[in-house]
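# What the coordinates show
Here's the letter readout for the chains.
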Amino acid sequence: MINPNCRVCEGQGWVCEKHPQKAWTRTGCQCAPVARCECQVALAKTTRLVATEA
Ligand SMILES: [Zn+2]
Ligand SMILES: [Zn+2]
């Protein structure tokens, strides 16, 4: 689950591990291993909360 409108990861869901504000793309940054974007983490938490309530 990613946010397709995320400005950080450009909707990819992945960012540079050393630069969490840059997308893991050629135009972003690939100087370090890939890492999850904050939008992925946020959606994961939301999904978990909803699942717990249901
Ligand atoms: Zn994102
Ligand atoms: Zn980087």
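Above this text is the structure in question.
An account of the accompanying structure is given in this report.

The rules behind each value
Residues numbered from 1 in each chain as written. Chains lettered and ligands numbered in written order. Predicted model: local features only at pLDDT ≥ 70, side-chain atom pairs only at ≥ 80, totals over all residues. Helix = DSSP H or I, 4+ residues; strand = E, 2+ residues; numbered from the N terminus. Buried ≥ 20, exposed ≤ 12 C-beta atoms within 10 Å, placed from the backbone. Contact = placed C-beta atoms within 7 Å.

### Notes on the overall build of the protein chain
Across its full length, the protein chain carries 1 helix and 2 strands. The helix and strand sequence of the protein chain, counted from the amino end, reads β-β-α. Burial statistics for the protein chain: of 54 residues in total, 15% are counted as buried. Relative to all contacts within the protein chain whose residues are 6 or more apart in sequence, the contacts with residues 24 or more apart total 30%.

### Section: unusual backbone geometry
Phi is positive for E10, which is not a glycine, with a value near 60°. Position of E10 relative to the elements: it lies in the segment before strand 1 (14-16).

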